[in-house]
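Each chain, letter by letter, is given below.
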Amino acid sequence: VSGLTYVSEPVYQGEDVVFNFVAARTRLGASCILRSTQPIFTDLQNTPTPGPRREAQLQITQVPSPLRPSFSLPINIRPGRVTVYLVLEYTCDGATVFDQTSVAAFELLRGPRPD
């Protein structure tokens, strides 16, 4: 669902990123099975960098559902403005199909988090 994608902040170096979004299955995707998600991060260097791929934990239903997967940041992502989106891998009628979420931006602060 557009407009409901964001990262929980603040985020400090060395912490996981919590990616919040709302998902719902469409009629077109009724026969699809979500296989995995993979975050793609971009920092001020403007180089897209993949984060760790995760196997699907649950299947998306037709009811809009808030989801909050967390991902570790790639080590080369620098503090400052960072964007992230998820690449979604599905199997639909035997074929592999890819989609992606909306992009979310956040500020990566120098870590570790102060006490």
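Structure: above.
Keep in mind the model is a prediction, meaning the values are calculated, not measured.

Analysis parameters
- Residues numbered from 1 in each chain as written.
- Predicted model: local features only at pLDDT ≥ 70, side-chain atom pairs only at ≥ 80, totals over all residues.
- Heavy atoms only, no water.
- Helix = DSSP H or I, 4+ residues; strand = E, 2+ residues; numbered from the N terminus.
- Rg over C-alpha atoms; globule rule 2.2 N^0.38 Å.
- Buried < 20%, exposed > 50% of the residue type's maximum accessible area, 1.4 Å probe, protein only.
- Contact = heavy atoms within 4.5 Å.
- Areas by Shrake-Rupley, 256 points an atom, 1.4 Å probe, with all protein chains shown as cover.
- Lys, Arg positive; Asp, Glu negative; His and termini not counted.
- Charge placed at Lys NZ, Arg CZ, Asp CG, Glu CD.
- Polar contact = N/O pair within 3.5 Å; in protein donor to acceptor, adjacent residues only side chain to side chain.

1. As for the overall build of the protein
Next up, step 1: The secondary structure content of the protein amounts to zero helices and eleven strands.
Next up, step 2: Listing the helices and strands of the protein from first to last along the sequence gives β-β-β-β-β-β-β-β-β-β-β.
Next up, step 3: Relative to a compact globule of 115 residues, whose C-alpha radius of gyration would be 13 Å, the protein shows 15 Å and is just as compact.
Next up, step 4: Once the C-alpha set of the protein is aligned to its principal axes, its extents read approximately 45 × 25 × 20 Å.
Next up, step 5: Split into buried and exposed, the 115 residues of the protein put 36% on the buried side.
Next up, step 6: For the protein, the proportion of contacts with a sequence separation of at least 24, taken over those separated by at least 6, is 65%.
Next up, step 7: Total accessible area on the protein is roughly 7,000 Å²; 53% of this is exposed by carbon and sulfur atoms.
Next up, step 8: Taken as two groups, the 10 positive and 10 negative side-chain charges of the protein have centres that lie 3 Å from each other.

2. Brief notes about the environment of T37
Next up, step 1: Its location among the elements puts T37 in strand β4 (residues 32–42).
Next up, step 2: C-alpha of T37 to C-alpha of A24: the two residues are 13 residues apart in sequence and 15 Å apart in space.
Next up, step 3: Apart from the residues lying within four places of it in its own chain, the contact partners of T37 are P52, R53, R54, F71, V87 and L88.

3. Let's talk about the side chain of S36
Next up, step 1: Positionally, S36 belongs in strand β4.
Next up, step 2: Overall, the relative accessible area of 3% leaves S36 in the buried class.
Next up, step 3: A polar side-chain atom of S36 sits 3.3 Å from a polar atom in the side chain of R53.

4. Points about unusual backbone geometry
Next up, step 1: The omega torsion across E9 and P10 is 5°, close enough to zero to call that bond cis.
Next up, step 2: Tracing the sequence through the fold places P10 in the loop between β1 (6–7) and β2 (11–12).
Next up, step 3: Residue P112 follows G111 across a cis peptide bond; omega there is 5°.
Next up, step 4: With a phi close to 65°, N46 is a non-glycine residue in the positive phi region.
Next up, step 5: Positive phi is not limited to glycine here, since D93 has a value of about 50°.
Next up, step 6: Mapped onto the fold, D93 is located in the loop between β9 (80–92) and β10 (95–100).

5. Side note on the side chain of T101
Next up, step 1: Looking at the secondary structure, you find T101 in the loop between β10 and β11 (104–109).
Next up, step 2: Taking relative accessible area as the criterion, T101 reaches 11% and is therefore assigned buried.
Next up, step 3: At 2.9 Å, the side chain of T101 forms a polar contact with the backbone nitrogen of L86.
Next up, step 4: Apart from the residues lying within four places of it in its own chain, the contact partners of T101 are F19, F21, Y85, L86 and L88.

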